[in-house]
Amino acid sequence: MSDTAPSGADWKPDLDVIRAAAVVAGETALGYFRKAPDVRWKNEGRSPVSEADLAANDVLKTRLLAARPDYGWLSEETDDDLSRLSRETVFVVDPIDGTRAFIAGKELWCVSVAVVHRGQPVAGVLYAPALDELFEAVAGGYALKNGAQISVRGAKPAETLHLAAAEDTIDKLPAPYRSAVTRIPHVPSLAYRLAMVADGRIDGTLVKKNAHDWDLAAADLILASAGGALVDLDGQALFYNRSTVVHGVLCAAAKPLLPGLVAASRSMEPH
């Protein structure tokens, strides 16, 4: 391995690096916001990418790799050549998470940047410039929103659970569990939805299969640092920077709520 990575609290300098880059990338994207940016379609016409996505990606790649030239690189807007697999430490980036919302002129989108070391996020930033919100966390530290500590909501077992998920997903939950759930309307950025769990606005979220590393890595650390967790249907934490960057069905919530949410979600899966 060519990169010599720090450990523990030494990830703070990396957090400073990604925070600064995310803010510049966010301000760059904001320059295109509500100004009819050029849009093309990728993934056989299923996914939009705007000129703002590409401009923000250029800012991030230039700044981050200049600061840490030995780190690997994984971004939604960069062709993946798998050279990252030879690096212990990797930048995992989504220049605009919530591109459809961005194109539609809605404010709920963010820049997502994480440092992943040996498969685990160790520094993460989500910057939502149209909302003037900055979430951040470093391994072993607290989750912050605009500099103030945040934490997950401590819902009691008998209380209604506020879950963000697709309507067809909520409808498939077991009836006893579903009866205690209030569905949160669609949140177009997955990373921001996880941040909403982290800062206690909602109790949890169900993530359909095929979310990618870049959607999840930064928000995963922020949520964990706020007292929550993002897990698969076996209740296991995620591992990043694998040859495949796609994940299965996931659950996110405050830790006391996760067993029930995972069990309800597993019951929906075909056996």
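Attention here is on the structure that accompanies the text. Model, not experiment: these values are computed from the prediction.

Any two side chains of opposite charge can pair, so long as their charged atoms come close to each other. Summed over all chains, the structure comprises twelve salt bridges. With a closest N to O distance of 3.2 Å, E88 and R118 form a salt bridge. Taken together, the positions of E88 in the loop between β3 (72–75) and β4 (89–97) and R118 in the loop between β5 (110–117) and β6 (120–128) put the pair 30 residues apart, joining distant regions of the chain. We classify R118 as exposed; its relative accessible area is 55%. Overlapping salt bridges bring together K12, D16, R19 and E136 as one network.

What follows is about a nonpolar patch on the surface. Together, V39, W41 and I103 make up an exposed nonpolar region whose accessible area comes to about 270 Å². Within the fold, W41 resides in strand β1 (residues 39–42).

Remember that side chains alternate between the two faces of the sheet whenever the strand is regular. With six of six residues buried, strand β7 (residues 133–138) is to be regarded as a mostly interior element. What you see with β7 is no split at all: E133, F135 and A137 on one side and L134, E136 and V138 on the other are buried throughout. As paired elements, β6 and β7 share six bridges and run antiparallel to each other. Looking at the pairing, Y127 lines up with L134 of β7. Counted along the chain from β6 to the antiparallel partner β7, the turn is four residues long, and its residue D132 has a positive phi close to 55 degrees. Bridge count between β7 and strand β8 (residues 144–145): two bridges; the pairing is antiparallel. Looking across to β8, one finds that E136 is bridged to L144. Taken together, β7 and the strand that follows it, β8, pair antiparallel across an intervening segment of five residues, in which G140 is found at a positive phi of about 85 degrees.

Cut-offs applied
- Residues numbered from 1 in each chain as written.
- Predicted model: local features only at pLDDT ≥ 70, side-chain atom pairs only at ≥ 80, totals over all residues.
- Heavy atoms only, no water.
- Salt bridge = Lys/Arg side-chain N within 4 Å of Asp/Glu carboxyl O.
- Helix = DSSP H or I, 4+ residues; strand = E, 2+ residues; numbered from the N terminus.
- Buried < 20%, exposed > 50% of the residue type's maximum accessible area, 1.4 Å probe, protein only.
- Patch = residues over 30% accessible without salt bridge, like charges linked within 9 Å, V, L, I, M, F, W, Y side chains within 5 Å.
- Areas by Shrake-Rupley, 256 points an atom, 1.4 Å probe, with all protein chains shown as cover.
- Pairing = 2+ DSSP bridges.

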